[in-house]
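Here's the letter readout for the chains.
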Amino acid sequence: MEKDGNSKESEMMIYQPLPAEVRVTLAQHSLLSGSTQSNEKKLEDRFLMSYIQPRTSVIPEELTAVFKKNFPLWVSRPANENKKTRTRKKALTSIEKRKLGLHKLPKTGIKYKACAPLHQLWVEYMENFLELENSTKAANKDLLYQRIAKADYHGCLLMVTRSKCPSYIGTKGIIVLETKNTFQIICEDDQLRIIPKRDSVFTFNVSKWTFTLFGNHMNIRPSERAARKFKSKPTIDL
């Protein structure tokens, strides 16, 4: 208890109010410094007025108003204005694409001769993609089947060899559009025909090889088929 009393007495000795004389002198000093600053400001304004007034035809009151304005040399913009907001382009939905008719081709106007260069490009693509000299060997046949299933058939010269609908048999043309369930081909008579994949068998040639496609195994969208792993299935007889 005695120690606590001694500590309080020591605190009273350390923290004491300033004497009245010192406080008065500090107040006077602040008043004097403020008055000197105001006097300097007035002198500066008088000097500027005396220098500018005889050289211009501006009214003194207007000059004093101009002196009070601030003229920043550089205007800083907010950070949000400097950043350009990136807006993502909204992709069309499948319903909107259907309404716009993006999946439909005109039934007239497409010429067979105009699609012939597309077929030549497709043949070059298939020769490089299938690598027929190596993949036709017995050891690599599984790889060949996978590549045939994943290949793109736009530009393929295709013929319907078997179908449950007799009118489709013998139809031959270049594929201009492939959907999930159909091949749309342009024939030599410049007619666009839509052949369903289901219950149809197709053949096509690449170099000296002839390949057979079973439509029941191809009922997949082309984009999905390219990334899909296929399992060997028995062929379905029609």
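First, a word on scope: everything that follows refers to the structure included in this document. Model, not experiment: these values are computed from the prediction. (Residues numbered from 1 in each chain as written. Predicted model: local features only at pLDDT ≥ 70, side-chain atom pairs only at ≥ 80, totals over all residues. Heavy atoms only, no water.)

### Some words on helix α8 (residues 141-150)
Next, step 1: Here α8 has its buried residues at Leu144, Ile148 and Ala149. Seen from one end, α8 has its buried residues packed into an arc of 135°, which puts them on one side.
Next, step 2: Buried positions along α8 lie against α6 (112-130), α7 (132-135), β6 (209-214) and α9 (222-225). (Buried < 20%, exposed > 50% of the residue type's maximum accessible area, 1.4 Å probe, protein only. Helix = DSSP H or I, 4+ residues; strand = E, 2+ residues; numbered from the N terminus. Arc of directions from axis to C-beta. Contact = heavy atoms within 4.5 Å.)

### Focus on the pattern of salt bridges
Next, step 1: Under the counting rule described, the total for this entry stands at five salt bridges.
Next, step 2: The partner of Glu178 in a salt bridge is Lys197, and the shortest N-O contact between them spans 2.9 Å. Here Glu178 is found in strand β2 (residues 172-178), whereas its partner Lys197 is found in the loop between β4 (192-196) and β5 (200-206), with 19 residues between them in sequence. Pair check on accessibility: Glu178 and Lys197 agree, each one buried.
Next, step 3: Each of Glu178, Lys197 and Arg225 takes part in salt bridges that share partners, so that together they form one network. (Salt bridge = Lys/Arg side-chain N within 4 Å of Asp/Glu carboxyl O.)

### Concerning the environment of Leu143
Next, step 1: Secondary-structure assignment places Leu143 in helix α8.
Next, step 2: For Leu143, a relative accessible area of 42% puts it in the partly exposed group.
Next, step 3: In the structure, Leu143 is positioned 13 residues away from Leu130 in sequence and 8.8 Å away in space, judged by C-alpha atoms.

### Considering the pairing of β6
Next, step 1: Here β5 pairs with β6 via six bridges, running antiparallel. By the bridge assignment, Asn205 is partnered in β6 with Thr210.
Next, step 2: The turn linking β5 back onto β6 is made up of two residues, and Ser207 within it adopts a positive phi angle of 55°. (Pairing = 2+ DSSP bridges.)

### Description of the pairing of β4
Next, step 1: Sheet topology note: the strand β3 (residues 182-187)/β4 ladder contains five bridges and is antiparallel. From the neighbouring strand, Gln184 faces β4, where its bridge partner is Ile194.
Next, step 2: Linking two consecutive strands that pair antiparallel, namely β3 and β4, is a turn of four residues; a positive phi of about 60° is found at Asp190 within it.

### Section: the nonpolar core
Next, step 1: Ranked by size, the top nonpolar core spans 23 residues in total, and within it Trp122, Tyr153, Leu158, Phe204, Phe211 and Leu213 carry the most contacts.
Next, step 2: The set of elements that each furnish at least two residues to this core consists of α6, α8, β1 (157-163), β3, β5 and β6.
Next, step 3: Looking at this core, the element that brings in the most residues is α6, giving four residues.
Next, step 4: Ile110, Cys115, Ile174 and Ile186 belong to the second largest nonpolar core, which has seven residues in total. (Core = buried A, V, L, I, M, F, W, Y, C linked by side-chain atoms within 4.5 Å.)

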